[in-house]
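Observations on chain architecture
Chain by chain, the residues:
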Amino acid sequence: MDKRQFIKSCAVAASFIPLASCANVIAAPSAKSNQALAAPAQLLPIAFNPGDTVALVSPSKATDNLLDVQIATEVMQALGLKVKVGQHLTSRRGHLAGTDQQRANDINAMFADNEVKAIICLRGGSGAARVLPLLDYALIKNNPKTLLGYSDITALHNAIHAQTGLITFHGPNGTGSWNSFNADQFRRVFFQREQMQYQNVIETKDELAARQNRIVTITGGKVQGEIIGGNLTVLTSLAGSPYLPDFTDKILFVEDVEEAPYRVDRMLSTLKLMGALDKLAGFIFGECTSCRPTGGYGWLTMDQIFDDHIKPLNIPAYRGAMIGHIQKQFIVPVGAKVEMDADNGSFKLLQSVFQPT
């Protein structure tokens, strides 16, 4: 029955039954849709320990060097873990690590595999968003596990959290830098399950005043809320899809790499226009690596962009957190409840982010 015939039928039926009956028929789908849009309850992943098995998958770009797989495997082994690799880890289709279905199948398979306790993404790049409609979110919800990665893996973090409520982890990929800082973060977050406080390590090196890891307070204050976010470019590419979480009362963290300031301005404008920024309780900007203006006074500076988009929100906000395309980076639980202190340039967990053991 088409829309015109349906309305005609309601009009005829009105002479025999109360008009409210047709109104109820029409209103029901809307109520059902609103219920479907409700954010899922927070879901904690299972804990894992040294000696457990973790999986390596590649949801995004292909690797052109098999040594990357070997190094990622050796890193996990050095952390005391056993490694299982995805069936299509070294596959390739164009710049992608296999077809969309192959990459999605590897992720689904590792969530379903009872031997696997955590899933580590080999690398970022581009293409993770293509697999989002192919993921089995009911399977993921029934088998909650740690997912670790950053950059393009932002698509997975946000989609999985939006669809299941599962806390995932924004941090080094398998092929990333595994220096002592990152390895220590890994052990503290996953093995010791520490209630982390994230505060930059200030390095002066041979300088009278520190230049690296400096915090800039945009608007002072403290606030509590769930922390979500990731790579700004990937995050904004999810706009209008069911794979972007609700921003209401959230603390948003974002970072990026090799994006000209005008692009950062455009992406923040997108979040503003869709109403996301106005819903936030707090804002943290990590590093924007190699995001410097060019062309003299032809560009807005990053300072001006934050003044235009973030300062008017009048919420606690700071920039410079050790999050992003940098060698030493925080491992941030996406979806966890935190308290941020914009004056101090820090945030801390307010809850355990793993199921009780």
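Residues numbered from 1 in each chain as written. Predicted model: local features only at pLDDT ≥ 70, side-chain atom pairs only at ≥ 80, totals over all residues. Heavy atoms only, no water.

**Comments concerning the state of the cysteines**
For the structure on display, the rule yields one disulfide. Each disulfide pairs two cysteine sulfurs, and for cysteine 288 the partner residue is cysteine 291, the sulfurs being separated by 2.2 Å. Disulfide cysteine 288 to cysteine 291: torsion about the S-S bond roughly -70°, handedness left-handed. Cysteine 291 carries the same exposure label as cysteine 288, and that label is buried. (Disulfide = S-S within 2.5 Å. Buried < 20%, exposed > 50% of the residue type's maximum accessible area, 1.4 Å probe, protein only.)

**Digging into the UniProt feature "active site" (unreviewed entry) in the protein chain**
Within this structure's numbering, the places UniProt gives as "active site" (unreviewed entry) are Ser151, Glu255 and His325. Considering the C-alpha atoms alone, the annotated residues occupy 175 residues of sequence yet fold into one spot, their largest mutual distance being 8.5 Å. Along the chain, glutamate 255 turns up in strand 9 (residues 251-257). On the accessibility criterion, glutamate 255 (0% relative accessible area) is buried. Secondary-structure assignment places histidine 325 in the loop between strand 11 (317-319) and strand 12 (332-334). Apart from the residues lying within four places of it in its own chain, the contact partners of histidine 325 are Tyr150, Ser151, Asn231, Glu255, Asp256, Val257 and Thr289. Among the polar contacts listed, one links the side chain of histidine 325 to the side chain of serine 151, at a separation of 3.0 Å. (UniProt positions renumbered as here; feature names shortened; annotations may be inferred. Helix = DSSP H or I, 4+ residues; strand = E, 2+ residues; numbered from the N terminus. Contact = heavy atoms within 4.5 Å. Polar contact = N/O pair within 3.5 Å; in protein donor to acceptor, adjacent residues only side chain to side chain.)

**Structural notes on the packing of helix 9 (residues 261-273) against helix 10 (residues 302-309)**
Following both chains from N to C, one finds helix 9 and helix 10 inclined at 10°, their axes separated by 10 Å at the closest point. By the angle between their axes, helix 9 is roughly parallel relative to helix 10. Here Pro261, Val264, Asp265, Leu268 and Ser269 of helix 9 lie close against helix 10, whose contacting residues are Met302, Ile305 and His309. When its residues are assigned to classes, the contact of helix 9 with helix 10 shows five nonpolar, two polar and one charged. (Axes fitted to C-alpha atoms, helices over the stretch in contact; angles between N-to-C directions. Parallel < 35°, antiparallel > 145°, perpendicular 65-115°, else oblique. Nonpolar A, V, L, I, M, F, W, Y, C, P; charged D, E, K, R; others polar.)

**Notes on the packing of aromatic side chains**
What the rule picks out here adds up to 18 aromatic pairs. Taking 4.8 Å as the distance between ring centres and 65° as the angle between the ring planes, the aromatic pair formed by phenylalanine 186 and phenylalanine 190 counts as edge-to-face. Linking phenylalanine 186 with phenylalanine 190, this pair stays in helix 7 (residues 180-191), spanning four residues, or about one helical turn. By the burial criterion, phenylalanine 186 is buried, and phenylalanine 190 matches it. These aromatic residues form a ring-pair network of at least three members: Phe48, Phe169, Trp178, Phe186, Phe190, Phe191 and Phe354. (Phe/Tyr/Trp six-rings, centres within 6.5 Å; stacked < 30°, edge-to-face > 60°.)

**Concerning the sheet that holds strand 14 (residues 346-349)**
An order of 6-14-13-8-9-10-11-7 is seen for the eight strands of this open sheet, with the pairing classed as mixed. Since the sheet does not close on itself, it has two edges, and those belong to strand 6 (197-199) and strand 7 (216-219), each with one partner. Adjacent strand axes in the sheet meet at a mean angle of 30°, parallel and antiparallel pairs treated alike. Bridging between strand 8 (residues 222-231) and strand 13 (residues 337-341) involves five bridges; their strand directions are antiparallel. Paired with lysine 222 across the two strands is aspartate 341, which belongs to strand 13. (Pairing = 2+ DSSP bridges.)

**Remarks on the environment of threonine 217**
Positionally, threonine 217 belongs in strand 7. With relative accessibility at 33%, the residue threonine 217 sits in the partly exposed group. Sequence separation of threonine 217 and proline 316 is 99 residues, and the distance between their C-alpha atoms is 8.4 Å. The contact partners of threonine 217, leaving out residues within four places of it in the chain, are Ala317, Tyr318, Ala342 and Asp343. From its side chain, threonine 217 meets the backbone oxygen of alanine 342 in a polar contact 2.7 Å long.

**Some words on the pairing of strand 9**
In terms of burial, strand 9 is a largely internal element, six of the seven residues being buried. Pairing of strand 8 with strand 9, which is carried by five bridges, proceeds in the parallel orientation. Within the sheet, the bridge partner assigned to glycine 229 lies in strand 9 and is phenylalanine 253. Two strands pair when backbone bridges link them, and strand 9 and strand 10 (residues 282-289) are joined in this way by six bridges, in the parallel orientation. For isoleucine 251, the partnering residue across the bridge sits in strand 10 and is glycine 282.

**Quick look at the side chain of histidine 161**
As for its placement among the helices and strands, histidine 161 is situated in helix 6 (residues 154-164). Residue class for histidine 161 comes out buried when judged on its relative accessible area of 8%. Sequence-distant contacts of histidine 161, that is, excluding residues within four places in its chain, are made with Pro40, Leu166, Glu226, Ile228, Pro245, Val334 and Gly335.

**Here's the deal with the nonpolar core**
Counting 52 residues, the largest nonpolar core has Leu132, Leu135, Leu156, Leu252 and Phe283 as the members making the most contacts within it. Mapped onto the domain boundaries, this core takes at least three residues apiece from domain 1 (53-191) and domain 2 (197-349). Aside from chain neighbours lying at most four places away, what touches leucine 156 is Pro59, Ile107, Cys121, Ala128, Val131, Leu132, Leu135 and Leu147. Residues Ala72, Leu79, Trp178 and Phe330 belong to the second largest nonpolar core, which totals 49 residues. (Core = buried A, V, L, I, M, F, W, Y, C linked by side-chain atoms within 4.5 Å. Domains from an automatic or database assignment.)

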